[in-house]
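Architecture and fold: a report
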Amino acid sequence: MKFRFLGTGTSVGVPQIGCTCRVCTSADPRDRRRRCGAYVTSAGGPSFLVDTPPEMRLACIEYGISKVDAVVLTHAHMDHIAGFDDVRRFNTINGTRVPCKPGDPLYRGLPYRIVGKPMTCYAMERTVEQMHTIFPYISAKGGENGLFRPMIEFSSADAFSIGSVSVERLKVEHSFPCCGYVFREEGKAKREEGVASIAYISDCHEIPDETIEKMLGVDVMVLNCLRERPHPTHLSLENALAYIARIAPKKAYLVHMCHDLTHEEWLARLAGTNVEPAYDGLELKG
Ligand SMILES: [Zn+2]
Ligand SMILES: [Zn+2]
Ligand SMILES: [Zn+2]
């Protein structure tokens, strides 16, 4: 399983608009944090996006991502879904070429038309409802197949597989019942090295005990950590480290960071631990 961080920043991104602090003006590329999202590729082929943040399109172009077979959403906060419309491009890439001639409803002056194929988008029921409210044109009731609206089939399944990756939803609190996911590459769960299991929680301030049990000993834990100071809906450094100690992953990466600390300063804070700040573009391979 390969896992690429498409973004690692908090909801306003880093640099923040109009901020001249040392982090927002840093020359270190690791201090430029897009809004959080990820791209997962299984060894067998299918690939999927975790969230569709506002800079998803730019990240896909930068990292040469042209294949997406499904989308997995954590929640409908705008920093995680504002790029959803760009799923249209993957509908087209995954689409079929339909011959058509003058008079056909699909005819637009060419002897063929690319018709998008629906993509499955996995999300909590509440998130699905919010997606229809925020993006009413994705409803099956309107629009034109795959050309100016994302063609999506929503699923609220708690556990599912995308190719050889099994996915389980994790309940967390983010001032409301929210979710993360654990991704496990089937057939590789017992492997000593490499990334066979990844838990991903980008937004929470509390993790229930039963969710911690589901993540115990994962290869990689990706966990939100906004900053050192406490915050009502996100984890602080102290809280994140306490959860990571209980979960005991082989390695942990922090995401959803604000502009309080540079990447180097995060590394210094985390020296001597198995935890590192993630950065945009970082790829984990296994
Ligand atoms: Zn967020
Ligand atoms: Zn700043
Ligand atoms: Zn959020």
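Everything below is about the structure shown above.
Residues numbered from 1 in each chain as written. Chains lettered and ligands numbered in written order. Predicted model: local features only at pLDDT ≥ 70, side-chain atom pairs only at ≥ 80, totals over all residues. Heavy atoms only, no water.

**Observations regarding the coordination of the zinc ion (ligand 1)**
Summarising the metal site, the zinc ion (ligand 1) is bound by the protein donors Asp79 (OD), His80 (NE2), Asp203 (OD) and His256 (NE2), whose distances to it range over 2.1 to 2.2 Å. Here the zinc ion (ligand 1) is ringed by 4 donor atoms whose angles at the metal span 89 to 167°, and the overall shape comes out irregular. Within one chain, the residues serving as donors to the zinc ion (ligand 1) are arranged as D-H-x122-D-x52-H. The metal-metal distance between the zinc ion (ligand 1) and the zinc ion (ligand 3) comes to 3.4 Å, with Asp203 coordinating both. Of the two residues, His80 is situated in helix α2 (residues 78-81) and Asp203 in the loop between β12 (197-201) and α5 (209-215); the sequence distance between them amounts to 123 residues. Take Asp203: its relative accessible area is 2%, and that puts it in the buried class. (Donors = N, O, S within 2.8 Å, 3.2 Å for Na, K, Ca; no water. Tetrahedral: all angles 85-135°; square planar, octahedral: opposite > 155°, others 65-115°. Helix = DSSP H or I, 4+ residues; strand = E, 2+ residues; numbered from the N terminus. Buried < 20%, exposed > 50% of the residue type's maximum accessible area, 1.4 Å probe, protein only.)

**Regarding the environment of Ile247**
For Ile247, the location among the structural elements is in helix α6 (residues 237-247). Spatially, the C-alpha atoms of Ile247 and Tyr279 are 22 Å apart, while their sequence positions differ by 32 residues.

**Points about the pattern of salt bridges**
If you walk through the whole model with that rule in mind, you get 17 salt bridges. Linking Glu264 and Arg30 is a salt bridge whose minimum nitrogen-to-oxygen distance equals 2.8 Å. A residue pair is termed long-range when its members are at least 10 positions apart, and Glu264 in helix α7 (residues 263-269) and Arg30 in the loop between β1 (2-7) and β2 (37-41) qualify at 234 residues. The class for Glu264 is partly exposed, based on a relative accessible area of 45%. Taking relative accessible area as the criterion, Arg30 reaches 23% and is therefore assigned partly exposed. Where Glu62 meets Arg34, a salt bridge forms, and the shortest distance between an N and an O atom there is 2.4 Å. Remark: Arg34 occurs in the loop between β1 and β2 and Glu62 occurs in helix α1 (residues 56-62); sequence separation between them is 28 residues. Judged by its relative accessible area of 53%, Glu62 falls in the exposed class. Using a relative accessible area of 15% as the deciding quantity, one classes Arg34 as buried. Through salt bridges with shared partners, a single network forms among Asp28, Arg30 and Glu264. (Salt bridge = Lys/Arg side-chain N within 4 Å of Asp/Glu carboxyl O.)

**Comments concerning helix α4 (residues 125-134)**
Those residues of α4 not exposed but buried are Thr127, Val128 and Met131. End-on view of α4: buried residues confined to an arc of 105°, all on one side of the axis. Away from its buried face by more than 90 degrees, α4 exposes Glu125, Glu129 and Thr133. (Arc of directions from axis to C-beta.)

**Concerning the coordination of the zinc ion (ligand 2)**
Note on the zinc ion (ligand 2): its protein donors are Cys19 (SG), Cys21 (SG), Cys24 (SG) and His259 (ND1). The metal-donor distances range over 2.1 to 2.3 Å. Here the donor residues of the zinc ion (ligand 2) share one chain and are spaced in sequence as C-x1-C-x2-C-x234-H. With a gap of 238 residues between them, Cys21 in the loop between β1 and β2 and His259 in the loop between β14 (251-255) and α7 connect regions that are remote in the sequence. You can call Cys21 partly exposed: its relative accessible area is 22%. Among the residues examined, His259 registers a relative accessible area of 19% and is labelled buried.

**Quick notes on the sheet that holds strand β13 (residues 220-224)**
Taken in spatial order, the 7 strands make up an open sheet running β9-β10-β11-β12-β13-β14-β15, and their pairing is mixed. The open sheet is flanked by β9 (159-162) and β15 (275-277), the only strands paired with a single partner. Across this sheet, the average inter-strand angle for adjacent strands is 25°, counted without regard to direction. Inspection of the sheet shows strand β10 (residues 165-173) paired to strand β11 (residues 177-185) by 9 bridges, in the antiparallel sense. When the bridges of β11 are listed, Leu170 appears paired with Gly180. (Pairing = 2+ DSSP bridges. Axes fitted to C-alpha atoms, helices over the stretch in contact; angles between N-to-C directions.)

**Things to note about the sheet that holds strand β4 (residues 70-72)**
Taken in spatial order, the 7 strands of this open sheet run β8-β7-β4-β3-β2-β1-β16, and their pairing is mixed. In this open sheet, the two edge strands, each paired with only one partner strand, are β8 (152-155) and β16 (283-284). The pairing of β4 with strand β7 (residues 119-122) spans 3 bridges and is parallel. Residue pairing for β7: Val71 is matched across the bridge by Cys121.

**Looking at the environment of Pro230**
By the element assignment, Pro230 lies in the loop between β13 and α6. Separated by 25 residues in the primary sequence, Pro230 and His205 have C-alpha atoms spaced 9.5 Å apart.

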